[in-house]
Amino acid sequence: MHHYDTIIIGAGHNGLICSAYLAKKGHQVLVLEASDNLGGLAETREFHPGFKASVAHSISNFSTKVAKDLNLSAYGFTNDVSPMTTVGLNASGEHVSLNGLEIEGVGVEDVKSYKEYRQLMQKFANLLNPFWHKTMPRIGDNSLPGVMTFAQLGLKLRLLGKEDMGEFMRIATLPARDLMDENFNSDLLKAVLSWDGLIGSKMAPRSPNATVLALLFRMTGEHGGAHIIPAEGIESLFIALKEVTERAGTEIRTGARVSEILIQADESALKTNGVKLATGETITANRVVSTTDPKRTFLELVGIENLEIEFTNRIRRLRCDGYVAKLHLALNGEPKFSGLDKPDGRLIIAPDMDAIEFAFDDAKYGECSKQPVMEVVIPSLQNESLAPVGQHVLSAHVMYVPYELKNSWTDQARAVLEEKVIDTLSYYAPDIKKQILCSELLTPLDLEQRHNVTSGHWHHTELSLDQMFMMRPTYEVAQYTTPILGLYVCGAGSHPGGGLMGAPGHNAAHEMLK
Amino acid sequence: MQSVEQEKTTLHDPDEVLKHSPFHEQVEKHCRLRNWMSWNGYLTARVYDTLASEYFAIRSSCSVMDLTPMEKYRITGPDALKFLNRLVVRDVSKLKPLRVTYVAWCNDEGKVLDDGTIFHLEEGEYRLCSQHHQLDWLLMSSLGMDVTIVEETHDVAALAVQGPTSYSVLCAAGINGLDKLKLFGILHTELNGFKVMVSRTGYTGDLGYELWTEPVNGLDLWDVIFSVKDSGLYDVRAIGLAALEMVRIEAGFIMPGDDFNTAETAIRAGHDRSPFEIGLGWVINFDKPHFTGKKALQEEKGRSIKRRLVKLLVEGNKPPVDSFLYDKKKGQRVGTIKSQIWSPILKANLTLADIEYHKGKPPAEIWAEIYYQKELEWQVTWARCRISKDPFWSHPRRSVTPPERF
């Protein structure tokens, strides 16, 4: 029976990145993945013969450091493609489009404000950049590295100068709505710019609690928050990661669902010595790394009888209700959006911030939004292998769709939502209904079941101030270690958080290699 | 109209500020001093008639105390044992049916929330008794477990029957099977046609029992016990909380909230206490795989001792009420007296005191600064103190089975 140095639960990008760093240092690593494919929520899957899609359909802040450290470009993953234009769709064709500092479709005043806004936000995003790749200090720990991290942030803030520092402190936790209203006139522009701070979360423009900070988080990385689809698709990230880590000696097993993290009582503490699979097979290791979400990791795999009462309660009350559904359409041709030459950008359907807020209001009370708002991309325009020649895939993130529907999810409820979403789409792309060969709608409940993520939350736990930095997912486990000796966590629920970024996997590996 | 009438009878009477226990009719009759106090919201006698005679009933004959206000929780369900073992610092898996054990429980930081007793009533069925209200903590602790927690404080009538002749009195009252009941044992029996549970437990450090029954049988139970007095052979006396306070200090039993700040009520850092710090290190089962607070307590075990709640004997006869303690007369302050009584049976000033240790050791000398009044004038004096390892009072008959008859 083989004994490993490290077992990693979950072959999402964080698990694979962590495995690669460890294996490169000579550790014997086994990655266990419950599903049959790599990638987790970014898995590329055929949803209709010849048509493939991934729940995560673009990349905005993938860690440049990880890409470089692991030399991913040598294995076919490249971040170095031109970013997609973000387009705020308007039914009569008067779109707003954004690309870096370039903006079209708004008045002169907004053009000016946008450039200033964008430069300031980028400055702030750059300020935070180093902290995403650092282990956060432990609360109450006054050791030098911990104090230094704080000091560094303080110094960086100070170096901004008095005015900018004040501004940063002011806006970081501002509701998106206030920031947008202060800066812009165009309703459509405001809606589009607030989008990235909200997507994935149970938050809307008027919600307090760090939506602006979440926006800054997404603006890190080489494209300053602009979304890209890699030349060879999202899949290429996983092909590259698999290649890198396997070459370094990592073993990957798919279809291997972990049902239990084995716990052994040491004299002084509880310790993990491996995992048990759903098949009953046990595999031993010195260390177990869980990249699944905190609730699943602790409440299900570790078991609350092995956890302390207050800690259990902190994990239990983490806010992690998924509010995003996914729509995949197989289309017999390129969809035509009114007033748009080619739909090769990231298209936002949200006419104004009220539309987002009202959509959220419905979902808050357990209903599907009467007028859903969404982000649409046609990934097959960037990557031809996703659909048969001349045909296309449409991929949409639909907000807000509650994980817990008031009258519970049924096939009928799903069909009603799907129809509503397609109706909304056809308002902007009038001929689209005729082009649909097949459609697939995944509710947060479907995402939970298909991808083993509690409540189907993209980021495992909400990206909000009380669940970020040294509080992510909660104090005591924010440094990737856990109360169980030998058990580490590094999924999206760990600092810095979700999205296809890779920093949790990178940071956790760094802690283990200390 | 009828339903309104019905509702009235079940609602709390607004004129009744404090709740009446099922024994109230008798308690009120016996409580000649009308010296009442509140215990957990119940109208409770502090002293019935004479404190001295109540005290000596406990130490020399047979005392009866209304125990109903004590917090009680019924814990059942498939995960009951798992739940308790994660909750308390002691290993409950060793607690056999029909046995009782003393426990304490902590928060994650290893600071004591409360202490109490667990009764293993029958296989898989437990009662937890605590000093303070714990339902919120218990319910929070039970999240995710298949366990049912029901507060039964108001649904069980309980009497403590304590003292050297308690065994003889209860036998005379018609309770059979006590001869085999060991210390911390439970006996389910019947008395005059109703069910009574007897446990050989108490808060006095002496021979004694606690009797538990349904509230409706409360007065019958009281009558059966006091009828023994009418036979003329034994004195049986109702006692209040003042007498209990004396004997519990003699026996070295601590009172959460009086002798130490419970973690829930401590506001400032360092004002909560670990089991070690209140002298309950012996209750912790470190060989149990896991319990809440274990990690913190393991760490504390490896560090040098900072403070202890100790049994402290104060010389002389001046009452050291809330006295500060010093390492010599007018020296450095090293602690505070938390509870104190004059023990009539030991003729001594007995106290429980919080003492600061230096480099892991208690102060070589401890002196109490005592303020007392003499003819309405305050005086100050100093008294030498000694730490007592053992309880000031613990009679061997507490655990002899069968107990001696009188």
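Parameters and conventions
- Each chain has its residues counted from 1, running along the sequence as written.
- The lettering of chains begins at A and the numbering of ligands begins at 1, in the order of writing.
- Thresholds applied to this predicted model are a pLDDT of at least 70 for local features of residues and 80 or more for the giving and counting of side-chain atom pairs; totals over whole chains, interfaces and linings are not thresholded and use all residues.
- Strands here mean DSSP runs of E at least two residues long; helices mean DSSP runs of H or I at least four residues long; both are numbered from the N terminus.
- Computation of the radius of gyration draws on C-alpha atoms, with the globule rule given as 2.2 Å multiplied by the number of residues to the power 0.38.
- For the exposure call, what matters is how many other C-beta atoms sit within 10 Å of a residue's own: 20 or more marks it buried, 12 or fewer exposed, and in between partly exposed, using C-beta atoms placed from the backbone.
- What counts as a contact here is a pair of residues whose C-beta atoms, placed from the backbone, lie within 7 Å.
- Geometry is summarised by axes, namely lines fitted to C-alpha atoms with helices restricted to the contacting stretch, and by angles between N-to-C directions that run from 0 to 180 degrees.
- With the far helix as reference, a near helix turned anticlockwise by less than a right angle produces a left-handed crossing, and one turned clockwise produces a right-handed crossing.
- Residues are grouped as follows: Ala, Val, Leu, Ile, Met, Phe, Trp, Tyr, Cys and Pro are nonpolar; Asp, Glu, Lys and Arg are charged; all remaining types, including Gly, are polar.
- When DSSP finds at least two bridges between two strands, those strands are taken to pair.
- Either an automatic procedure or a domain database provided the assignment from which the domain bounds are taken.
- Nonpolar cores are identified as sets of buried Ala, Val, Leu, Ile, Met, Phe, Trp, Tyr and Cys residues joined via C-beta atoms within 7 Å.
- pLDDT measures the predictor's confidence residue by residue and takes values from 0 up to 100.
- Of all possible arcs, the one meant is that of the directions from the helix axis to the C-beta atoms.

1. Considerations on the overall build of chain A
So, step 1. A count of helices and strands for chain A gives 16 helices and 17 strands.
So, step 2. Taking 2.2 N^0.38 as the reference for a compact globule, 514 residues should give roughly 24 Å; the C-alpha atoms of chain A span a radius of gyration of 22 Å, in line with that estimate.
So, step 3. For chain A, the C-alpha atoms occupy an extent of roughly 70 × 60 × 50 Å along the three principal directions.
So, step 4. In chain A, buried positions account for 53% of the 514 residues.
So, step 5. Counted over contacts in chain A with a minimum sequence separation of 6, partners at least 24 positions apart contribute 72%.

2. A closer look at the overall build of chain B
So, step 1. Along chain B, the regular secondary structure elements total nine helices and 19 strands.
So, step 2. Its C-alpha radius of gyration of 22 Å places chain B within 12% of the 22 Å reference for a compact globule of 406 residues.
So, step 3. The principal-axis extents of the C-alpha atoms in chain B amount to approximately 70 × 55 × 50 Å.
So, step 4. Taking all 406 residues of chain B together, the buried fraction comes to 44%.
So, step 5. In chain B, 67% of the contacts between residues at least 6 apart in sequence involve partners at least 24 apart.

3. Structural notes on the packing of helix α1 (residues 13-24) of chain A against helix α16 (residues 503-512) of chain A
All names here are of chain A.
So, step 1. Between α1 and α16, whose axes approach to 7 Å, the crossing angle comes to 35 degrees. α16 is crossed by α1, and the crossing has right-handed handedness. Residues His13, Asn14, Gly15, Ile17, Cys18, Tyr21 and Leu22 of α1 form the contact with α16, whose participating residues are Pro504, Gly505, His506, Ala508, Ala509 and Met512.
So, step 2. Grouping the amino acids of the contact of α1 with α16 by side-chain chemistry returns eight nonpolar, five polar and no charged.

4. Some details on the sheet that holds strand β6 (residues 112-122) of chain B
Residue and element names in this part refer to chain B.
So, step 1. Ordered by their spatial adjacency, five strands build an open sheet running β5-β6-β7-β4-β8, and the pairing between neighbours is antiparallel. Pairing within the sheet leaves two strands with one partner each, and these edge strands are β5 (99-106) and β8 (148-151). Ignoring strand direction, the axes of neighbouring strands in this sheet form an average angle of 25 degrees.
So, step 2. Pairing analysis gives six bridges linking β6 to strand β7 (residues 125-130), with the strands arranged antiparallel. When the bridges of β7 are listed, phenylalanine 119 appears paired with arginine 127.
So, step 3. This element, helix α4 (residues 80-87), spans β4 (71-76), β5, β6 and β7 of the sheet and lies at about 130 degrees to β4.
So, step 4. The strands touched by helix α5 (residues 135-142) are β4, β6 and β8; relative to β8, the strand with the most contacts, the crossing angle is about 170 degrees.

5. Let's talk about the domain arrangement of chain A
All names here are of chain A.
So, step 1. As assigned here, chain A comprises domain 1 (3-42 + 61-78 + 232-319 + 453-512), domain 2 (106-218) and domain 3 (324-451).
So, step 2. Placing a centre on the C-alpha atoms of domain 1 and another on those of domain 2 gives a separation of 27 Å.
So, step 3. Taken together, the 27 residues of domain 1 in the interface contact 18 residues of domain 2.
So, step 4. Among the elements that make up the side of domain 1 that touches domain 2, the one with the highest residue count is α16 (five residues).
So, step 5. Partitioned by chemical class, the residues of the side of domain 1 that touches domain 2 number eleven nonpolar, twelve polar and four charged.

6. A few points about helix α3 (residues 51-60) of chain B
So, step 1. Of all the residues in α3 of chain B, the buried ones are Glu54, Tyr55, Ala57, Ile58 and Arg59 of chain B.
So, step 2. Turning to α3 of chain B, the residues buried within the fold contact β2 (42-47), β3 (62-66), β9 (157-162), β13 (236-238) and α8 (241-250) of chain B.

7. Structural notes on the sheet that holds strand β16 (residues 436-442) of chain A
All names here are of chain A.
So, step 1. Taken together, eight strands build an open sheet; the order of strands is β7-β6-β5-β13-β14-β15-β12-β16 and the sheet is mixed. One side of each edge strand has no neighbouring strand; the edge strands of this open sheet are β7 (102-104) and β16. With strand direction ignored, the average angle separating the axes of adjacent strands in the sheet is 15 degrees.
So, step 2. Along the sheet face, helix α7 (residues 187-198) touches β5 (86-88), β6 (96-99), β13 (346-349) and β14 (373-377) and points at about 135 degrees away from the line of β5.

8. Comments concerning the environment of glycine 390 of chain A
So, step 1. Residue position: glycine 390 of chain A is located in the loop between β14 and β15 (392-399).
So, step 2. A C-alpha to C-alpha distance of 7.3 Å links glycine 390 of chain A and glutamate 334 of chain A, two positions 56 residues apart in sequence.

9. Comments concerning the pairing of β3 of chain B
Residues and elements named next belong to chain B.
So, step 1. β3 sits mainly inside the fold: five of its five residues count as buried.
So, step 2. Along β3, one buried face is formed by Cys62, Val64 and Asp66 and the opposite face, lined by Ser63 and Met65, is buried too.
So, step 3. Bridge count for β3 against β13 is three bridges, and the pairing is parallel. In the strand pairing of β13, serine 63 is matched with arginine 237.
So, step 4. Direction of pairing for β3 relative to β9: antiparallel, over a ladder of four bridges. When the sheet's bridge partners are listed, valine 64 is paired in β9 with valine 161.

10. Side note on the environment of glutamine 391 of chain A
So, step 1. Here glutamine 391 of chain A is to be found in the loop between β14 and β15.
So, step 2. Overall, the presence of 18 C-beta atoms within 10 Å leaves glutamine 391 of chain A in the partly exposed class.

11. A look at the environment of tryptophan 36 of chain B
Residue and element names in this part refer to chain B.
So, step 1. One can find tryptophan 36 in strand β1 (residues 35-39).
So, step 2. Residue tryptophan 36 is classed as partly exposed on the basis of its C-beta count, with 17 C-beta atoms lying within 10 Å.
So, step 3. Setting aside its immediate chain neighbours within four residues, tryptophan 36 contacts Leu43, Thr44, Ala45 and Arg46.

12. Quick look at the pairing of strand β12 (residues 208-213) of chain B
Successive residues of a regular strand alternate their side chains across the two faces of the sheet.
Residues and elements named next belong to chain B.
So, step 1. For β12, a buried count of six out of six residues is recorded, marking the element as mostly surrounded by other parts of the structure.
So, step 2. Both faces of β12 are covered, namely the face carrying Gly208, Glu210 and Trp212 and the face carrying Tyr209, Leu211 and Thr213.
So, step 3. Bridge count for β9 against β12 is six bridges, and the pairing is antiparallel. Counterpart to valine 161 in the pairing with β12 is tyrosine 209.

13. Some points on the nonpolar core
So, step 1. The biggest cluster of nonpolar side chains holds 153 residues, and the ones touching the most others in it are Ile7, Met399 and Val401 of chain A.
So, step 2. Of all hydrophobic cores here, the second largest spans 105 residues; its members include Leu84, Ile118, Leu191 and Ala251 of chain B.

14. A closer look at the confidence of the model for chain B
So, step 1. Taken over all residues, the pLDDT of chain B has a mean of 95, while the share at 70 or more is 97%.
So, step 2. For this predicted complex, the interface score ipTM comes out at 0.89, while the overall pTM is 0.92.

15. What to know about α5 of chain B
So, step 1. Taken residue by residue, α5 of chain B has Trp137, Leu138, Ser141 and Ser142 of chain B as its buried positions. For α5 of chain B, the angular spread of the buried residues around the axis is 130 degrees, confining them to a single face.
So, step 2. Lining the buried residues of α5 of chain B we find α11 (309-316) of chain A together with β4, α4, β6 and β8 of chain B.

16. Here we look at unusual backbone geometry
So, step 1. Put simply, histidine 495 of chain A and proline 496 of chain A share a cis peptide bond, and its omega is 0 degrees.
So, step 2. Tracing the chain through its elements places proline 496 of chain A in the loop between β17 (487-489) and α16.
So, step 3. Of note, the bond from threonine 401 of chain B into proline 402 of chain B is cis; its omega dihedral lies within 30 degrees of zero at -10 degrees.
So, step 4. Among the structural elements, proline 402 of chain B can be located in the segment after β19 (377-388).
So, step 5. Positive phi, close to 90 degrees, is recorded for glutamate 476 of chain A, a residue that is not glycine.
So, step 6. Of note, glutamate 476 of chain A is situated in the loop between α15 (444-451) and β17.
So, step 7. Take glutamate 476 of chain A: there are 18 C-beta atoms within 10 Å of it, and that puts it in the partly exposed class.
So, step 8. For lysine 359 of chain B, which is not glycine, the phi torsion reads 50 degrees and is therefore positive.
So, step 9. Relative to the elements of secondary structure, lysine 359 of chain B occurs in the loop between β17 (348-356) and β18 (366-374).
So, step 10. The class for lysine 359 of chain B is exposed, based on 6 C-beta atoms found within 10 Å.

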